[in-house]
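Residue-level structure breakdown
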Amino acid sequence: MSKPQWLPLVEQQLKENPKSTTYAFSTLSEEGKPKVRFVIHRGITSNGLLLTTTDTRMAKPQHLAHSATTEVAWWIEPTNVQFRITGPAATIHPSQDLQKAFKTLGVEGQTDEEGSAEWWENKRKELWKGVSGHLRAGFGRPPPGKKLDEVEGSDKWPETIPAESDKPEEQKTIQNAYDHFAIIAIAPEAVEYLELKPVPNRRTQYRRQGDGEWEETKVAP
Ligand SMILES: Cc1cc2nc3c(=O)[nH]c(=O)nc-3n(C[C@H](O)[C@H](O)[C@H](O)COP(=O)(O)O)c2cc1C
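If you're wondering where the values come from, they're calculated on a predicted model, not measured in any experiment. (Residues numbered from 1 in each chain as written. Predicted model: local features only at pLDDT ≥ 70, side-chain atom pairs only at ≥ 80, totals over all residues.)

So, the environment of Ala-163
Quick reminder of the rule: Put simply, DSSP marks the helices as runs of H or I at least four residues long and the strands as runs of E at least two long, and each gets a number from the N terminus on. Any residue whose C-beta has 12 or fewer other C-beta atoms within 10 Å is treated as exposed, any with 20 or more as buried, and any in between as partly exposed, C-beta atoms being built from the backbone. Note that contacts rest on C-beta atoms placed from the backbone: two residues are in contact if these are within 7 Å.
Mapped onto the secondary structure, Ala-163 falls in the loop between helix H5 (133–138) and helix H6 (168–178). C-beta crowding within 10 Å serves as the criterion here: with 16 such atoms nearby, Ala-163 is assigned to the partly exposed category. A C-alpha to C-alpha distance of 9.5 Å links Ala-163 and Gln-175, two positions 12 residues apart in sequence. Excluding residues within four positions of it along the chain, Ala-163 makes contact with Trp-128, Lys-129 and Arg-136.

Listed below in structure tokens is the structure:
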């Protein structure tokens, strides 16, 4: 399988615009309704899976368990380009069926990196260490979306949580939060690259073929 042509484009944009890490990520609800929200880009695997993270208790993992259909809209403001990335996604977390996730992502049978349970657990740990203590604290708070009058007062919520600790009490807090920390991996099958700076604008579509090769089509913007 050749390296997708769109991958160096994303990598180059991120190199030039390291702060442009927020994209809109849409899933389908159990009722088949589109649901969109912003998430933070957390990396791309060597075979081109996009990674973001979430709380297992949020809606995204439930949506993905029901339907793997997703789309990303990513506007890189300084260079005025947009990537629209379409493809199945899966939640990666010990509570999830990893083999099913591998199948969804098209990496089943692969023994290294994205096809290895150990690689994903190391990646989850690495991403956990990479986020801020304030963000980690969110995973130790009451279930997202629960009515505020049904949860304990916010004065009792942790403000920040370290990635690791050797104090047993703190270890419990960390474990509870880490238990909710999940990766979402997106397997692009179509990518549209829109360049708004050149006149006329340019719009290029990449589509993965059955044999794993990518076809590039330039279209009118
Ligand atoms: C700039 C920005 C970045 C965000 N990054 C994330 C993220 O990386 N992961 C995440 O789960 N939610 C993130 N959120 C919050 C989501 O937009 C959303 O409110 C939350 O995930 C609940 O969505 P859900 O219940 O549909 O899963 C971010 C919000 C903003 C505004």
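Observations regarding the environment of Leu-50
Looking at the element boundaries, Leu-50 is found in strand S4 (residues 50–55). Taking C-alpha positions, Leu-50 is 14 Å from Ala-182, a pair spaced 132 residues apart along the chain.

Examining the site of the ligand
The test is simple: For each residue, a C-beta atom is placed from the backbone, and the residue is labelled near a molecule or strand when this atom is within 6 Å of it. Following the grouping adopted for this structure description, the nonpolar residues are Ala, Val, Leu, Ile, Met, Phe, Trp, Tyr, Cys and Pro, the charged ones are Asp, Glu, Lys and Arg, and the polar ones are all others, Gly among them.
Near the ligand you find 13 residues, and of these Arg-37, Val-39, Thr-54, Met-58 and Ala-59 are the closest. Among the elements of the structure, strand S2 (34–40), S4 and helix H2 (59–66) are those that each provide at least two residues to the shell around the ligand. In the shell around the ligand, the residues fall into 5 nonpolar, 4 polar and 4 charged.

So, unusual backbone geometry
For the bond running from Val-199 to Pro-200, omega is -5°, close enough to zero to count as cis. Looking at the element boundaries, Pro-200 is found in the loop between strand S8 (190–195) and strand S9 (202–208). For Asn-80, which is not a glycine, the phi torsion comes out positive at approximately 55°. With respect to the helices and strands, the residue Asn-80 is situated in the loop between strand S5 (69–76) and strand S6 (81–92). Judged by the 13 C-beta atoms lying within 10 Å of it, Asn-80 is partly exposed. A positive phi angle, close to 35°, is found at Glu-113, a residue other than glycine. Considering the arrangement of structural elements, one finds Glu-113 in the loop between helix H3 (98–105) and helix H4 (117–130).

Side note on the UniProt feature "domain: Pyridoxamine 5'-phosphate oxidase Alr4036 family FMN-binding" (unreviewed entry) in the protein chain
Put simply, the rule reads: UniProt positions are given in the numbering used here, feature names are shortened, and annotations may be inferred rather than shown by experiment.
Residues annotated in UniProt with the feature "domain: Pyridoxamine 5'-phosphate oxidase Alr4036 family FMN-binding" (unreviewed entry) correspond here to residues 4–92. The span residues 4–92 is 21% helical and 47% strand by assignment, and the distance between its end C-alpha atoms comes to 23 Å.

Observations concerning the pairing of S6
Which entries qualify depends on this criterion: Being paired, for any two strands, means DSSP has found at least two bridges between them.
Relative to S6, S5 is paired through 8 bridges, and the arrangement is antiparallel. Bridge pairing in S6 places Ile-76 opposite Val-81. Hairpin connection between S5 and S6: a loop of 4 residues separates the two successive antiparallel strands, and Asn-80 in this loop has a positive phi of roughly 55°. Across 6 bridges, the pairing between S6 and S8 is antiparallel. Opposite Ile-85, over in S8, you have Val-191 as the bridge partner. In this structure, S6 lies alongside strand S7 (residues 181–186), joined through 4 bridges in antiparallel fashion. Of the residues in S7, the one forming a bridge with Ala-90 is Ala-185.

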